[in-house]
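# Structure assessment
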Amino acid sequence: MPNLIMRFKDGRPKALTLSYDDGVEQDEKLISIVEKYGLKGTFNINSGCFPADDIEYAPGTIHRRMPLKKLLEVYSKSSWEIAAHAYTHASLVGLPANVATDEILRDRKELERIFNTIIRGFAYPYGAYDDKSVEILKNCGICYARTVHSTRDFRIPQDWLRLPATCHHNDPELMNLAERFVNTEKCGYPMLFYLWGHSYEFEAQDNWDVIEGFAETVSGKPDIWYATNIEIYDYCQAFGQLIFNTEMTMCSNPTSFDLWFSYGDKDVRIPAGSTISF
Ligand SMILES: [Zn+2]
């Protein structure tokens, strides 16, 4: 029996996404660089940490959170997703359950109000998590949560509430991984490049060329879907709902997404809400 392989939007075999934390001033420059190359991602924000509109940071301060007004101005120009990162950037590990719940839900609720959207993503402050925090996130309706683990591979995550990245942008393997990702022809599994970091690190290490070089290398490829975290999550979840007959000749798509897969030498598109023979 041939392998059934999920393909991403428009039948693309690969997807690429970014994940950047804390809502700092340098996000503006990050957006301008990566959007020039058509890349997208997710910003993870602590809505209890916005400084006053007239904040003036001491010279040499690198970690400069944006006041809400500025943040809205910067993000409204981009097509990135906004996700939660705990209201006061508290580590969830060790917090009483009610307090951890408040950190997550308050952030979610506040971001939903500010951005007039539904917030479902999360990044763990300090990368810290345990089974208890995963359970609490689930109860708060969070559907994926990014850790700081690097896999240095391109597999689709199995556990979205313990979501690892491919790598951090400072990983010495970054460009090797990018080349490998770009140069792999249709692979036997759907490939995801998941890059994470903080944009202030580019200023601290004076290495904006790292993200520019990465974006240039991976950009403009017809076989890569450039998407936000939640777009990729939603696509994978929808794909999991496809229904097949036992002969593997019919498929029904009960979701609101058009979906794609390869089955043997067939590339199949199954429109939202339809049943097809293939
Ligand atoms: Zn953070």
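It should be noted that the structure appears before, not after, this text.
Since we're looking at a predicted model, the values are computed, not measured.

Now for the coordination of the zinc ion. At the metal site, the zinc ion is ligated by Asp-22 (OD), His-85 (NE2) and His-89 (NE2), and these contacts range over 2.0 to 2.1 Å. Counting gaps between the donor residues of the zinc ion yields the pattern D-x62-H-x3-H. Of this pair, Asp-22 sits in the loop between β2 (14–21) and α1 (27–36) while His-89 sits in the loop between β4 (81–84) and α3 (97–115), and the two are 67 residues apart along the sequence. Judged by relative accessible area, Asp-22 falls into the buried class, the value being 5%. Taking relative accessible area as the criterion, His-89 reaches 11% and is therefore assigned buried.

Attention now moves to the pairing of strand β9 (residues 191–197). Among the seven residues in β9, seven count as buried, and that is most of the element. Residue alternation in β9 divides its side chains into two sets, Met-191, Phe-193, Leu-195 and Gly-197 and Leu-192, Tyr-194 and Trp-196, and both sets are buried. Of the pairings in the sheet, the one linking β2 to β9 comprises seven bridges and is parallel in character. Looking across to β9, one finds that Lys-14 is bridged to Met-191. As paired strands, strand β8 (residues 167–168) and β9 are joined by two bridges and run parallel to one another. In the sheet register, His-168 faces β9, and the bridge partner there is Trp-196. Where the polypeptide runs from β8 across helix α5 (residues 174–183) and back to β9, its parallel neighbour, the crossover connection is right-handed.

A word on the pattern of salt bridges. Scanning the model with the defined rule gives 18 salt bridges in all. In this structure, Arg-12 and Asp-10 form a salt bridge, with 4.0 Å as the shortest nitrogen-oxygen distance. Because the salt bridges share partners, they merge into one network encompassing Glu-25, Arg-64 and Glu-203.

A word on the sheet that holds strand β14 (residues 266–270). Strand order in this open sheet of three strands is β1-β13-β14, and the pairing throughout is antiparallel. Of all strands in the sheet, those with a lone pairing partner are β1 (4–7) and β14, marking the two edges. When strand polarity is set aside, the average angle formed by the axes of neighbouring strands in this sheet is 25°. Sheet topology places strand β13 (residues 259–263) next to β14; five bridges connect them, and they run antiparallel. Residue pairing for β14: Tyr-263 is matched across the bridge by Lys-266. Set on the sheet, helix α8 (residues 229–239) makes contact with β1 and β13; between it and β13 the angle comes to about 60°.

The next subject is the sheet that holds strand β11 (residues 243–244). Here three strands make up an open sheet; going across it, the order is β11-β12-β15 and the pairing antiparallel. Both edges of this open sheet fall to β11 and β15 (275–277), since each of them pairs with a single strand only. Where β11 and strand β12 (residues 250–252) come together, two bridges link them in antiparallel fashion. Bridging across to β12, Ile-243 finds its partner in Ser-252.

The rules behind each value
- Residues numbered from 1 in each chain as written.
- Predicted model: local features only at pLDDT ≥ 70, side-chain atom pairs only at ≥ 80, totals over all residues.
- Heavy atoms only, no water.
- Donors = N, O, S within 2.8 Å, 3.2 Å for Na, K, Ca; no water.
- Helix = DSSP H or I, 4+ residues; strand = E, 2+ residues; numbered from the N terminus.
- Buried < 20%, exposed > 50% of the residue type's maximum accessible area, 1.4 Å probe, protein only.
- Pairing = 2+ DSSP bridges.
- Right-handed = clockwise from strand over helix to strand, strands pointing away.
- Salt bridge = Lys/Arg side-chain N within 4 Å of Asp/Glu carboxyl O.
- Axes fitted to C-alpha atoms, helices over the stretch in contact; angles between N-to-C directions.
- Contact = heavy atoms within 4.5 Å.

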